[in-house]
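Residues per chain, in single letters:
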Amino acid sequence: MVTTRLRAVRHQLGYSAEAVIKLVLSRASALGLAVMTATSLKTKLSRWENGHEAVSEPYQRLFRDVYGRTNEELGFPPELIDDEAEELRNRLIVARRVDAETVEVFRRQVNDVRHRDRRFGGVTLLDQLRSSIEEVETTLRHGAAQGLRAALAGVLTEASTLAGWESLDRNAVGQAWNHYERARAAAREADSPALLAHATAEQAFVLIDLGETGRAVEQLAEARTLAGRAVPPLLNAWLAAAHGEGLAAAGRRAEALRAFDAARTLLPSDPVDPALPFLFLAGAHLDRWRGHALARLGEPDAITHLHEALPRLPVEFIRARTGMLVDLAFAYAAVGDRDAALDHSRQARRLGSQIKSDRQLRRLGRLVLPGGFRGVV
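Residues numbered from 1 in each chain as written. Predicted model: local features only at pLDDT ≥ 70, side-chain atom pairs only at ≥ 80, totals over all residues. Heavy atoms only, no water.

### Section: the packing of aromatic side chains
To be explicit about the condition: Any pair of Phe, Tyr and Trp rings, taking the six-membered ring for Trp, is counted once the centres come within 6.5 Å. Such a pair is stacked with planes under 30 degrees apart, edge-to-face with planes over 60 apart, and tilted for the rest.
For the structure shown, the criterion picks out six aromatic pairs. Ring-pair connections join several aromatic residues into one group, and the members of that group are W48, Y59, F63 and F76.

As structure tokens, this is what we get:
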């Protein structure tokens, strides 16, 4: 079988043929391009990837956008200078048409993905979010009106941090890191200490997952410094709790518990801020986070803490519920209760498989039950 560059790029990126077809159709719709149906595209993709037929326009352009590769990297003929110039002109025109209403549409798209992500996980949303990121980033790069650049950069920051968290949940740590790097750069353009501090802190969770706990603690401390006193109280409380998790991951028990105490003190009486739709500390959220840290530290109190928080967790937070069940499995294993550990691990595996939370499933793979059994059936 001929291995074309088009096929090689798809395999390198880990996309299925079905996922690529969806991305191509979505991108074509966003650009207002008329393309063939999904069924016809399935046949064409096979012929293109096997070298039986050359890729024509507008599909060359769509593959460039979807894969983020040049014509040469995809095995296409070089772009004509006139076509490239015309494409640039079109993008410049589109960027000039962006107004406050357009920015609000982008913001609503991100918020819609955020709501669906909480309930269903990111398996069906990450590609959509990447497309939105590309669209906003392209608009910024091609000269959006000066008065709208900060607002657009803010939307790009939120979209990128959400994509970072979804990527981390899918255990794609390299992709997550890059999303957070983009988020931090966009936050600087937005001139937003709050967004920069949040993106910096969330990126530290990639370091925690890599076992780089010392660096993670340093980065979380940096995030709190970036925030200073210029951010809302809710964010300062969230940053304190995030710092507490990092310290717990590093085994620094006393400091971790002090950080969570500080988060409780900093938490405003109304822990919901419309300007920070990506932060959740109301109700059970701060308690579940502390319970997670206690479980990391192997503290028996984690069991009581998590059991008290679990019934208060809103039903739509499926990923959070999965994480709490994993925490309880580890906490029960730490005190030698094999049956309870096995029960909670099985519940966690069912939920984690439903939402494709590779991160939580990987954690379960490291669970050692009392008696020396590893993993969960």
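### Focus: helix α17 (residues 318-334)
For the record, the criterion: Helix and strand definitions here come from DSSP, where helices need a minimum of 4 consecutive H or I residues and strands a minimum of 2 consecutive E residues; each element is numbered from the N-terminal end. For a helix, the expected span equals 1.5 Å multiplied by the number of residues minus one. Only protein chains enter the calculation, and the probe is 1.4 Å; a residue is then buried if its accessible area is under 20% of its type maximum, exposed if over 50%, and partly exposed in between.
For α17, built from 17 residues, the straight-helix expectation of 24 Å at 1.5 Å per residue is met to within 8% by its first-to-last C-alpha distance of 24 Å. Buried residues dominate α17, accounting for 14 of its 17 residues. Trailing α17 by a residue or two, G336 shows a phi angle of about 90°, which is positive.

### Some thoughts on the pattern of salt bridges
As a reminder, the rule being used: Here a salt bridge means any side-chain nitrogen of Lys or Arg lying within 4 Å of a carboxyl oxygen belonging to Asp or Glu.
The full count for this structure, using the stated rule, is 22 salt bridges. Across the salt bridge formed by R252 and E255, the nearest N and O atoms sit 2.9 Å from each other. Given a relative accessible area of 34%, R252 falls into the partly exposed group. Owing to a relative accessible area of 31%, E255 belongs among the partly exposed residues under this scheme. Ionic pairing is found between D287 and R264, a salt bridge with its closest N-O pair at 2.5 Å. One end of the pair, D287, is in helix α15 (residues 285-296); the other, R264, is in helix α14 (residues 253-266), with 23 residues separating them in the sequence. The class for D287 is buried, based on a relative accessible area of 15%. Salt bridges linked by common partners bring K44, R47 and E53 together as one network.

### Looking at unusual backbone geometry
Between E57 and P58 the backbone carries a cis peptide bond, its omega angle lying at 10°. Within the fold, P58 resides in the loop between α3 (38-49) and α4 (59-67). Here the phi dihedral of D191 falls at roughly 55°; this positive angle occurs in a residue that is not glycine. Looking at where D191 falls in the secondary structure, it is placed in the loop between α10 (173-190) and α11 (193-209). Note on D191: relative accessible area 66%, which makes it exposed.

### A few points about the layout of surface pockets
The condition is simple: Using a 1 Å grid laid over the protein atoms alone, points where a 1.4 Å probe fits but cannot get out form a cavity; open sets with protein on both sides within 12 Å along at least 5 of 7 lines form a pocket; any residue with an atom within 4 Å of a point counts as lining. Grid points are joined across faces, edges and corners, and a volume is the space filled by probe spheres set on the points. The residue classification treats Ala, Val, Leu, Ile, Met, Phe, Trp, Tyr, Cys and Pro as nonpolar and Asp, Glu, Lys and Arg as charged. All others, Gly included, are polar.
By volume, the second largest pocket is sized at about 1200 Å³. Forming the boundary of the second largest pocket are 42 residues, of which W165, E245, R288, R359 and Q360 lie nearest the centre. Mapped by element, the contributors of at least two residues to the lining of the second largest pocket are α7 (100-120), α9 (146-169), α11, α13 (233-249), α15, α17 and α19 (358-365). With seven residues, the top contributor of residues to the lining of the second largest pocket is α17. Residues that form the lining of the second largest pocket fall into these classes: 18 nonpolar, eight polar and 16 charged.

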